[in-house]
Number of protein chains: 2
Amino acid sequence: MAEFAALIGISRPTISKYFNDPDSVRSSTRDRIEAALKQYDYRPNIYAINQNRRLTKTIGIVVPYLADPFFAEIARMLERRCITAGYTPSLFSSHGEQSLENAILDNLRALKPAGVLLAPLGRTSDRKHIEAFCRDVPTILFDSNIEGVGAAFVGSDNFSFVSQTVEYISRTGHTPCFFEMKNPANPNANKRRLAYLEIMGRLSLEPYVIQIEGEGWSFEEIGRQGALKILHDKALPTNAVLCSNDRLAIGFLSACHEMGISVGREEKCEIRVASHDDHPYARYTCPSLTTAAHDYESVSEHALSALFQLIEAGGRLATREEKLFTARLVMRDSA
Amino acid sequence: MAEFAALIGISRPTISKYFNDPDSVRSSTRDRIEAALKQYDYRPNIYAINQNRRLTKTIGIVVPYLADPFFAEIARMLERRCITAGYTPSLFSSHGEQSLENAILDNLRALKPAGVLLAPLGRTSDRKHIEAFCRDVPTILFDSNIEGVGAAFVGSDNFSFVSQTVEYISRTGHTPCFFEMKNPANPNANKRRLAYLEIMGRLSLEPYVIQIEGEGWSFEEIGRQGALKILHDKALPTNAVLCSNDRLAIGFLSACHEMGISVGREEKCEIRVASHDDHPYARYTCPSLTTAAHDYESVSEHALSALFQLIEAGGRLATREEKLFTARLVMRDSA
DNA sequence: ATCATTTATTGACGCGCGTTAAAAAAATAT
DNA sequence: ATATTTTTTTAACGCGCGTCAATAAATGAT
């Protein structure tokens, strides 16, 4: 920067000021800098900037498992919005591991971001570590809530997800049984089960919860194995299956196809399968998956605007808001 | 670091030396530092370190589109290997945009990584910009090759992919037609088409190339729309379809299901569909997708070991090696 | 106990930038 | 032309660390 400044005969602090806010220098000076910028390819070092600025233009985004297209997609939207708003996003994936999540937060502290959007691992998160991080860095939680941690939470209203699918299936003549993992990492899974039980109660229907074995993030395989077992044992309590999430459902559909069981809402089909999330691939399963869709757009938009609000407020908010978005039922062919 | 050093009564340069290489200090000193590290939670700032060290412990990973599970999966493997090797990976996605790819490379320069693993956008990459970057930062290209750019290329042997699928399909009694996008961004697509034509020639079979419209990275939708059109027009030249990649095939299968066309290798099925990549979801399509699998493990392992070699050699290699891994045919139910 | 060797300390500078206060220069107002 | 306001420059310090040379201290060998 010193070189560049000397080269065009403008002082370094003025150049620095320009990069902080181009409008803070006189238009004639701005023009000279911008002309020089075209000629020589100087670019300030963002990491050196972050080391010194009180308020940086970097936003950290942390997701629990980026190889899950759901998170990949929401991360993509968040990154795009950050860029549009003039910020530089920095994306991290915990890859399902607590130690990595912790290490990422430690690194983020060093990056000194203006704010962080954090989708925690959930059950396997190190609560104390995240709490300590949130005390130091303005953070909005999304997707998985951790009660009382972070300045706000933005996510989806699990109750509305399940109520729509359950009501749709029962209204159209079937009793949904609930298909899920026994020990889900994501807290949303528990909320969905509770919602299922609650809604079935309201509708005076007998609830059936199928809990399958499995650890980790290979949900499709877990769903497939679980489904194969249930289908093989002919242990399906009803002929309408409501999966906790789309990735399990993708595995379930695969198992059905393998066993020659027809899936769909038509009369001739043996079972119906519905689910939750509207995973990017839910449209392309065979049959296409009936599911309750996240409002990706609203969640990503609101998460970022909440973060900007938090940043403008100096990192503290009076109350910890929890903003939940309602699901939208997407009726496709599977149920 | 100064505070921490004062606190435990060891000089700052010694602490710095310890973090650079714990074995470079006397064992008694090491023990004292490590004991203090447990007590107080000091962690050096990685970005400040990178600013100053000649050779950092950071590795940049850039992929063209992270919401594509193929890249998400390979990125995950690369990150894990970096961590195991004692490096800190930093992951970026170009989101399919040249301007973003360029911006990422500019940022990476500032990060001063020891090396970079770059999967470029391909056709839409800014070759000059990437070349300039590779001159300054030790870089290994992977997935998409750009002739002469980067210290080495690690990828898959497209010819072996296509030869295995074509030979398998023709050996088992059908003539594969090739299904692809008209203007693919990824250079592998072109290589696959050429391989198809070459192999069909060798087998003295009439080649048929179906090129569908579509721009961007929504390959499933592009494949589905293309397939719907072809199937509707009954314009399929043969009853065995070889898709350029699995994501197109996923769309193709979806279209077949929608139109009630049975897919599989069994006699009773109307058409067979095979593809290339072994996408993480290829196992879960209905029917499961016969495909030529990337050797993910070998590619990620070799890409990183090539990078370490490059780093140890001081950033320059005598010759630019191109290492290609052979495909493995995965026979599933779709063909 | 003496000398050679290894390790640690001191003090200083550098990286690439932000930031600030005081002084100087330029633009605008009167 | 003078006074006032705005903008820029100068000079210096700070961030959190790496690195280096000279010096001091600890260790090991004899």
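These notes cover the structure that comes with them. (Residues numbered from 1 in each chain as written. Chains lettered and ligands numbered in written order. Predicted model: local features only at pLDDT ≥ 70, side-chain atom pairs only at ≥ 80, totals over all residues. Heavy atoms only, no water.)

Some words on the protein's contact with DNA strand C
- Ser16 and Asn45 of chain A together with Thr14, Thr29 and Asn52 of chain B are the nearest of the 26 residues found near DNA strand C.
- Counting only atoms of DNA strand C within 4 Å of the protein, the sugar-phosphate share comes to 68%.
- Separating a phosphate oxygen of DNA strand C from a side-chain N or O atom of Tyr42 of chain A is a distance of 3.1 Å.
- Residue Ser11 of chain B places a side-chain N or O atom 2.8 Å away from a phosphate oxygen belonging to DNA strand C.
- Elements supplying a minimum of two residues to the surface near DNA strand C: helix H2 (12-20) and helix H4 (46-52) of chain A together with helix H2 (12-20) and helix H4 (46-52) of chain B.
- Residues belonging to the surface near DNA strand C are distributed by class as follows: seven nonpolar, 11 polar and eight charged. (Near = heavy atom within 4 Å. Polar contact = N/O pair within 3.5 Å; in protein donor to acceptor, adjacent residues only side chain to side chain. Helix = DSSP H or I, 4+ residues; strand = E, 2+ residues; numbered from the N terminus. Nonpolar A, V, L, I, M, F, W, Y, C, P; charged D, E, K, R; others polar.)

Side note on the packing of helix H10 (residues 219-232) of chain B against helix H11 (residues 246-258) of chain B
Residues and elements named next belong to chain B.
- H11 packs onto H10 with a crossing angle of 45 degrees between their chain directions and a minimal axis gap of 7 Å. For the element pair H10 / H11, the angle class is oblique. Relative to H11, the crossing made by H10 is right-handed. Residues Phe219, Glu220, Ile222, Gly223, Arg224, Ala227, Leu228 and Leu231 of H10 form the contact with H11, whose own contacting residues are Arg247, Leu248, Ile250, Gly251, Phe252, Ser254, Ala255, Cys256 and Glu258.
- Of the residues in the contact of H10 with H11, the class split is 10 nonpolar, three polar and four charged. (Axes fitted to C-alpha atoms, helices over the stretch in contact; angles between N-to-C directions. Parallel < 35°, antiparallel > 145°, perpendicular 65-115°, else oblique. Left-handed = near helix turned anticlockwise from the far one by under 90°. Contact = heavy atoms within 4.5 Å.)

Points about the environment of Phe219 of chain A
Residues and elements named next belong to chain A.
- If you trace the backbone, Phe219 turns up in helix H10 (residues 219-232).
- Overall, Phe219 belongs to the buried group, its relative accessible area being 13%.
- Once residues lying within four places of it in the same chain are set aside, the contact partners of Phe219 are Met181, Asn245, Arg247 and Leu248. (Buried < 20%, exposed > 50% of the residue type's maximum accessible area, 1.4 Å probe, protein only.)

Re the packing of helix H6 (residues 98-111) of chain B against helix H7 (residues 127-136) of chain B
Residue and element names in this part refer to chain B.
- As a packed pair, H6 and H7 sit with axes 10 Å apart at the nearest point and diverge in direction by 15 degrees. With respect to H7, the element H6 is oriented roughly parallel. For the crossing formed where H6 meets H7, the hand is left-handed. Along its contact with H6, which presents Glu101, Asn102, Leu105, Asp106, Leu108 and Arg109, the element H7 presents His129, Ile130, Ala132, Phe133 and Asp136.

Things to note about the relation of the copies chain A and chain B
- Once chain A is rotated about the relating axis by 180 degrees and shifted along it by 0.0 Å, it coincides with chain B to within an RMSD of 0.0 Å. Such a combination of rotation and displacement between the chain copies is what one expects of a two-fold axis.
- Both copies contact each other with a shared surface, as 100% of the interface residues of chain A are interface residues in chain B too. (Least-squares fit on C-alpha atoms with pLDDT ≥ 70 in both.)

Brief notes about the interface of chain A and chain B
- Taken together, the contact pairs 42 residues of chain A with 42 residues of chain B.
- Together chain A and chain B conceal approximately 4,000 Å² of surface at their shared face, both sides included; 56% is due to carbon and sulfur atoms.
- When the buried area of chain A at its contact with chain B is split by residue, Tyr47, Tyr281 and Tyr284 of chain A rank highest and sum to 19% of it.
- Linking chain A to chain B there are six salt bridges.
- Across the salt bridge formed by Arg80 of chain B and Glu97 of chain A, the nearest N and O atoms sit 3.0 Å from each other. (Buried area = accessible area lost by both parts, 1.4 Å probe. Salt bridge = Lys/Arg side-chain N within 4 Å of Asp/Glu carboxyl O.)

Remarks on the pairing of strand S3 (residues 115-118) of chain A
Residue and element names in this part refer to chain A.
- Residues Gly115 and Leu117 line one face of S3 and the alternating positions Val116 and Leu118 line the opposite face, and both faces are buried.
- In terms of strand pairing, strand S1 (residues 58-63) meets S3 through four bridges, oriented parallel. Within S3, the position partnered with Val62 by the bridge is Leu118.
- As judged from the three bridges shared by S3 and strand S4 (residues 139-142), these two strands associate in the parallel manner. The residue of S4 that forms the bridge with Leu118 is Leu141.
- Note that the unit made of S3, helix H7 (residues 127-136) and S4 has a crossover that is right-handed. (Pairing = 2+ DSSP bridges. Right-handed = clockwise from strand over helix to strand, strands pointing away.)

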